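Listed here are the chains, written in short residue letters.
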Amino acid sequence: MIRSARLLAALSPLPLMLASCANAQTGESAATPAGEAFTTTDVAGFEEPWAMAFAPGTATLFVTEKAGTVKLLDTRTGETATVTGAPKVDYGGQGGLGDIAFLPAEASKTLGTRTIYLSWAEAGEGDTRGAAVGKGKLVCSAPTTCAIQDLGVIWRQTPKVTGRGHYSHRLAFSPDGKYLYVASGDRQKMQPAQDTAATLGKIVRLNLDGTPAAGNPMADKGGVTAEIWSMGHRNILGMAWDAQGRLWEVEHGPAGGDELNLVTAGANYGWPVRSDGEHYNGNPIPDHASGDGFAQPALSWTPVIAPGGMVIYTGDQFPAWKGHALITGLATQAIVDVAIDGEKAREVARHEFDSRLRAIAQGPDGAIWVAQDGKGARLLKLTAK
């Protein structure tokens, strides 16, 4: 993706951090420099999976497919099924069905009936579209018989624009379960990321019903401005909370400059005014610099890792990963293992696969689940060796 001699000349060598090769097809085990080892099991197949999440308190994994289908996997039996009631999506480019999330507070419920949140690309007037978030009920009459009911849109990206890229539309609930954070990409329009009258290029903080949360940095401004939590983002593909209750996000840079950021209220992360990458046509962008008035990345990558998703590991199966951000790589075809050190971060390993990796989730037993990208994608389970 690097398209400039200037940028290539500026690259410093990456530290040697070759992890293993985890062969997704044969299930060979893989050892990491951090001392962990895992076995990869090929579990199921999906068509263009985009996100996945376990219903809290259950062993059922729900997977969104970009063209507009929600699937489930009963991880105890290996059975898969289609969940009815998914929304109509504007499928094409990077758009379609996006994230899926469940309320942590409902972990004590049986699978029977619980709240479900989804995000997707929604068509607008003319040749426009934007991200939408819906809230509904997931009703399951049997372990593999589930339907989404009463799904209604509670939030829309503003404004809807042309194009089919950079929706972001990641969902994350606050650790106390009171607020919903939504990543809203710049939709490849760049400048709106610095415009507080738009929610493009922002993270918004909402009440669970989609209304702006009290105490947001610009709550007194009203309108969509009252929704904004942070700004200056490009295309966020992962959000996760650490054990200290801090929100982290990973986003795509342009040609170079993918970023891992610690998200704080009211912070401006610089896009498109600052980036450690440059435009695809080779036009320069000033690098992040101390004192430039923008929040600095905790970690940036040139060449890019092309993130697909992220978890911050909290399980016990892989002690060396505890507290680490595990980021799926698309172009890198790897899980990128990042240790978080205070407000900074450092890459410690890459666990390489033979395919693009889109989504990642942590299972209730501490196993890691990884979905490949694209049509005919496989769902892989990583367990301690």
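For the structure itself, consult the block above.
Residues numbered from 1 in each chain as written. Predicted model: local features only at pLDDT ≥ 70, side-chain atom pairs only at ≥ 80, totals over all residues. Heavy atoms only, no water.

Here's the deal with the environment of Val89
Item 1. Considering the arrangement of structural elements, one finds Val89 in the loop between β7 (79–83) and β8 (97–102).
Item 2. Not counting residues within four places of it along the chain, the set of residues in contact with Val89 comprises Lys66, Ala67, Gly68, Gly96, Leu97, Trp120 and Ala121. (Helix = DSSP H or I, 4+ residues; strand = E, 2+ residues; numbered from the N terminus. Contact = heavy atoms within 4.5 Å.)

Examining the sheet that holds strand β10 (residues 129–142)
Item 1. Strand order in the open sheet made by the four strands is β8-β9-β10-β11, with antiparallel pairing throughout. Strand pairing shows two members of the sheet lacking a second neighbour, β8 and β11 (145–156), which therefore form its edges. Each strand axis lies, on average, 25° off the axis of its neighbour in the sheet, ignoring direction. (Pairing = 2+ DSSP bridges. Axes fitted to C-alpha atoms, helices over the stretch in contact; angles between N-to-C directions.)

Digging into the state of the cysteines
Covalent bonding between the sulfur atoms of two cysteines is what defines a disulfide.
Item 1. By the definition in use, this model includes one disulfide.
Item 2. Disulfide partner of Cys140: Cys146, at an S-S distance of 2.0 Å. When the S-S torsion is 110°, as for the bridge of Cys140 with Cys146, the disulfide is right-handed. (Disulfide = S-S within 2.5 Å.)

Some remarks on the environment of Gly215
Item 1. With respect to the helices, strands and loops of the structure, Gly215 is situated in the loop between β14 (202–207) and β15 (228–231).
Item 2. Each C-alpha atom, one on Gly215 and one on Arg205, is 9.5 Å from the other, the two residues being 10 residues apart in sequence.
Item 3. Residues in contact with Gly215, not counting those within four places in the same chain, are Arg205 and Trp229.

Quick word on the sheet that holds strand β4 (residues 49–54)
Item 1. The sheet built from four strands is open, its strands ordered β4-β5-β6-β7 with antiparallel pairing. This sheet does not close on itself; its edge strands, each paired only once, are β4 and β7. Strand-to-strand twist in this sheet, taken as the mean axis angle between neighbours without regard to direction, amounts to 25°.
Item 2. Note: strand β5 (residues 60–65) against strand β6 (residues 69–74), six bridges, orientation antiparallel. Along β6, the bridge assignment pairs Leu61 with Leu73.

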